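So the chains spell out like this:
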Amino acid sequence: MLKVVKMVGQIVLLWVIYWLGNKIMSMTGIAIPGNVIGMGLLFVLLSCGILKLEYIEEGAGFLLKHLLFFFVPYAVGLMNWGSVFYNYGVVLFVAIVLGAIIPYFIVGHVVQFFHREDKQC
Amino acid sequence: MLVILFTIILTILAYLGARYLFMRYKSPWLNVVVISTAIIIITLLVLDIPYQAYSQGADIMTYLLGPATVALAVPLYKNRLLLKKYGWAIFVGIGAGSLVSVLTAVFITIYGGLTREVIISIASKSVTIPFAVEISRLSGGNAALAAAFVVATGTFGSVFGRGLLTMMRITDPVARGLALGTVSHGQGTAMALLEGEQQGAMAGMAMALAGMLTSACAPYFLNLWIK
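These figures come from a predicted structure and were not determined experimentally.

Glancing now at the pattern of salt bridges. Any two side chains of opposite charge can pair if their charged atoms end up close together. Counted by the stated rule, this structure contains five salt bridges over all chains. Notably, a salt bridge pairs Glu 58 of chain A with Lys 6 of chain A, separated by 3.0 Å at the nearest N-O pair. Of this pair, Glu 58 of chain A sits in helix 3 (residues 53-65) while Lys 6 of chain A is found in helix 1 (residues 2-28), placing the two residues 52 residues apart along the sequence. The class of Glu 58 of chain A is partly exposed, set by a relative accessible area of 32%. Using a relative accessible area of 43% as the deciding quantity, one classes Lys 6 of chain A as partly exposed. When the shortest N-O distance is used, the salt bridge between Arg 137 of chain B and Glu 134 of chain B registers 2.7 Å.

Below, the structure is given as structure tokens:
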């Protein structure tokens, strides 16, 4: 029982940081999503030692373990898009496949190049 | 009200069932999101429940996605020493990869004659769903479609990613992890973890950084570029 209370408390704390991220976004009007600002904020809070890792670690671990669950309700929204896939399936397939192969190549070789340079230094 | 409760229970059961299958057989073909989504859509169609009824429950279920994204800062923080050690390689690699990923998808769909809504939605296919949904919202895409492209990209990466990297002679574990995380987000990270701890840590970091970088830049440029 105590474990559940602790977990819920930690998730609430993460939610507060998320809420702050959204507030910062709406107050400054920048086009960076609130969740990204919240993530940056949490990283800074952890790095400065204002927030200790154990205050949020279990709640964060639970949410990340089940991150895929949150994808499901969005994916069900596909029900409404059958005709687009029927008509443009080939184009979308090519975009997905080439859009993965080309960046794989770029990231892999760029990192290998720089990583090797580092080793020589 | 009863319908909302039913759709939530259905979603949780479908997810847990699909997750059990994946954990049991560990095959990249048993995609948790694809299987649970298929179960739910078929059930809704059989019982003649319209999507509008499901979407009310969906709003409740995705409520925790925001805090879950914020939680991605935790793996980033835990790996901050790696971030320092490989600083340059990481930033240049992830930056170039994210940019090329957006450009490839956008060019192909523009020349394929798709509508703006679809083009915007596919632009964010390489970042994990919460980022993709927000990018879509800020630039005029569709959340469900964006999510679908993310899942399609992740599934492709989890099945073929490691083989492709080997064919391209990318052997450095740091490079392999970063490529899988940058291009194939969480699903790629899961595969990188199967390969090794260093690959997994790198992929998790790449997923978080690529998401931040793309969300910070993409909405602005997409709004300017595609009218």
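As a further point, take the confidence of the model for chain B. This prediction gives chain B a mean pLDDT of 90; 100% of its residues lie at or above 70. Mean pLDDT across the elements of chain B bottoms out in helix 6 (residues 80-85) of chain B (82) and peaks in helix 8 (residues 116-123) of chain B (94).

We now examine the environment of Ser 215 of chain B. When you line up the elements, Ser 215 of chain B lands in helix 12 (residues 197-225). For Ser 215 of chain B, a relative accessible area of 0% translates into the label buried. Considering only alpha carbons, one finds Ser 215 of chain B and Ile 135 of chain B, 80 residues apart in sequence, at a separation of 5.9 Å. Not counting the four nearest positions on each side in its chain, Ser 215 of chain B is found in contact with Ala 31, Ile 32, Pro 33 and Val 36 of chain A together with Phe 131 and Ile 135 of chain B. Looking at Ser 215 of chain B, its side chain comes within polar contact range of the main-chain oxygen of Gly 211 of chain B, at 2.4 Å.

This part covers unusual backbone geometry. All names here are of chain B. Phi at Asp 48 is positive, roughly 60°, even though this residue is not glycine. Mapped onto the elements, Asp 48 comes out in the loop between helix 2 (32-46) and helix 3 (51-61). On the basis of relative accessibility, which here comes to 65%, the residue Asp 48 falls in the exposed class. For His 185, which is not glycine, the phi dihedral falls at a positive 40°. Position of His 185 among the secondary structure elements: in helix 11 (residues 173-195). Residue classification places His 185 among the buried residues on the basis of a relative accessible area of 1%.

The rules behind each value
- Residues numbered from 1 in each chain as written.
- Chains lettered and ligands numbered in written order.
- Predicted model: local features only at pLDDT ≥ 70, side-chain atom pairs only at ≥ 80, totals over all residues.
- Heavy atoms only, no water.
- Salt bridge = Lys/Arg side-chain N within 4 Å of Asp/Glu carboxyl O.
- Helix = DSSP H or I, 4+ residues; strand = E, 2+ residues; numbered from the N terminus.
- Buried < 20%, exposed > 50% of the residue type's maximum accessible area, 1.4 Å probe, protein only.
- pLDDT = per-residue confidence, 0-100.
- Contact = heavy atoms within 4.5 Å.
- Polar contact = N/O pair within 3.5 Å; in protein donor to acceptor, adjacent residues only side chain to side chain.

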